[in-house]
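Residue-level structural notes
This is what each chain is made of:
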Amino acid sequence: MTTATLIDGVLCWRSEIAVDADGSPVAYHADSKSGLDRLANALHIVSEYETHVKLGQKPPHGWAGVATVGGDEFADPIVQGETPPPIVLPGGVGYLPHRPHAPGFYVSTTSFTDKRFPVGDPCRYLDSTIVRYVTYTGRLLRMGASPGDLVVVAGPKLWCTAVLGDYGPDLGEGSIATCLALGGPADPRHGGPAGTFAFAVFTGSSGPWPRGEDEIASQIAVRFAPWGGLERLRKVG
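Read on for an overview of the structure. (Residues numbered from 1 in each chain as written. Predicted model: local features only at pLDDT ≥ 70, side-chain atom pairs only at ≥ 80, totals over all residues. Heavy atoms only, no water.)

1. Comments concerning the environment of Leu164
- Among the secondary structure elements, Leu164 is positioned in strand E8 (residues 159-167).
- Placed 15 residues apart in sequence, Leu164 and Asp149 show a C-alpha to C-alpha distance of 5.4 Å.
- Every residue in contact with Leu164, bar those within four places of it in the chain, is listed here: Phe112, Val134, Thr135, Tyr136, Leu140, Ala145, Ser146, Pro147, Gly148, Asp149, Val151 and Val201. (Helix = DSSP H or I, 4+ residues; strand = E, 2+ residues; numbered from the N terminus. Contact = heavy atoms within 4.5 Å.)

This is the structure we're talking about:
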């Protein structure tokens with residue numbers, strides 16, 4: 001298991017990067033073939049999933065990456081209907097340049113959310129194909145990180161900014177958008193960019209979602225350069 005180290009107030013680690021499809025409106029489908037990722041990866045425990053499906057049985061393990069009726073992890077998953085939910089925000093009707101919706105697909109979740117939207121609305125979650133995020137663990141939270149904290153991920157040539165956007169069993173997963181920014185590939189079924197990458201999490205930098213690219217860039221700039229920037233991050237081993 002990958003472990004982070006606190007270096008002058010910044011949580012750092014080095015690892016390979018896997019691809020996390022969570023939050024995309026087309027991440028998961030009941031047939032497990034149409035989605036970006038295997039449906040088994042939306043469950044807490046995946047080892048016996050395929051066996052139960054072949055036997056025509058309902059998998060006994062709770063959902064981890066899909067919104068469910070009533071929020072119970074063992075309840076039925078929420079399926080996106082033919083008509084997307086109305087965009088009504090507190091104070092009036094909101095404008096969204098991108099309206100995620102994919103009829104027939106499950107509503108895929110991320111643990112960091114846009115709380116203006118209800119649980120069954122795909123707009124609540126960070127779309128993996130658009131938002132650059134990386135996963136975090138319970139141990140990382142105990143070390144001082146918070147969902148939504150700002151992140152820098154650096155490879156030998158390319159680097160990008162991101163946020164802590166989804167809970168995972170281990171460090172070293174990134175959204176499709178993150179993996180593409182690092183040079184790809186970015187296929188949740190077949191893997192991400194080759195090699196290892198250095199991660200830096202700036203604790204205390206979280207804020208309500210959504211956050212604009214300019215705000216993220218400026219908030220990272222005032223923290224990253226004084227800490228040592230790319231030169232220091234790429235030495236993390």
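Next comes the rest of the description.
2. Quick look at unusual backbone geometry
- Looking along the chain, the bond that leaves Gly184 and enters Pro185 is cis, with omega of 0°.
- Relative to the assigned elements, Pro185 resides in the loop between helix H3 (176-181) and strand E10 (197-202).
- For the bond running from Trp209 to Pro210, omega is 10°, close enough to zero to count as cis.
- With respect to the helices, strands and loops of the structure, Pro210 is situated in the loop between E10 and helix H4 (213-227).
- Positive phi is not limited to glycine here, since Asp8 has a value of about 50°.
- Here Asp8 shows up in the loop between strand E1 (5-7) and strand E2 (10-15).
- With a phi close to 65°, Ser32 is a non-glycine residue in the positive phi region.
- By the element assignment, Ser32 lies in the loop between strand E3 (18-20) and helix H1 (49-54).

3. With respect to the packing of aromatic side chains
- Tallying each qualifying case throughout the model produces seven aromatic pairs.
- Between Tyr136 and Tyr167, the aromatic rings sit 5.9 Å apart at their centres with planes inclined by 80°, giving edge-to-face as the arrangement. With Tyr136 in strand E6 (residues 133-136) and Tyr167 in strand E8, the pair connects residues that are 31 residues apart, well separated along the chain.
- Judged by its relative accessible area of 3%, Tyr136 falls in the buried class.
- Their ring planes at 80° and their centres at 5.9 Å tell us that Phe202 and Phe224 sit as a pair that is edge-to-face. (Phe/Tyr/Trp six-rings, centres within 6.5 Å; stacked < 30°, edge-to-face > 60°. Buried < 20%, exposed > 50% of the residue type's maximum accessible area, 1.4 Å probe, protein only.)

4. Points about the side chain of His29
- Along the chain, His29 turns up in the loop between E3 and H1.
- A polar contact of 3.5 Å, which involves the side chain of His29, links it to the backbone oxygen of Gly104.
- In this structure, His29 is in contact with Ser34, Gly35, Leu39, Gly104, Phe105 and Tyr106, ignoring residues within four places of it in sequence. (Polar contact = N/O pair within 3.5 Å; in protein donor to acceptor, adjacent residues only side chain to side chain.)

5. Examining the pattern of salt bridges
- Counted by the stated rule, this structure contains five salt bridges.
- Two residues, Asp8 and Arg232, come together in a salt bridge whose shortest N-O distance is 2.7 Å. Residue Asp8 is located in the loop between E1 and E2, and its partner Arg232 is located in helix H5 (residues 229-233); the two are separated by 224 residues in the primary sequence.
- By relative accessible area, which is 62% here, Asp8 ends up exposed.
- When its relative accessible area of 29% is taken as the criterion, Arg232 is described as partly exposed. (Salt bridge = Lys/Arg side-chain N within 4 Å of Asp/Glu carboxyl O.)

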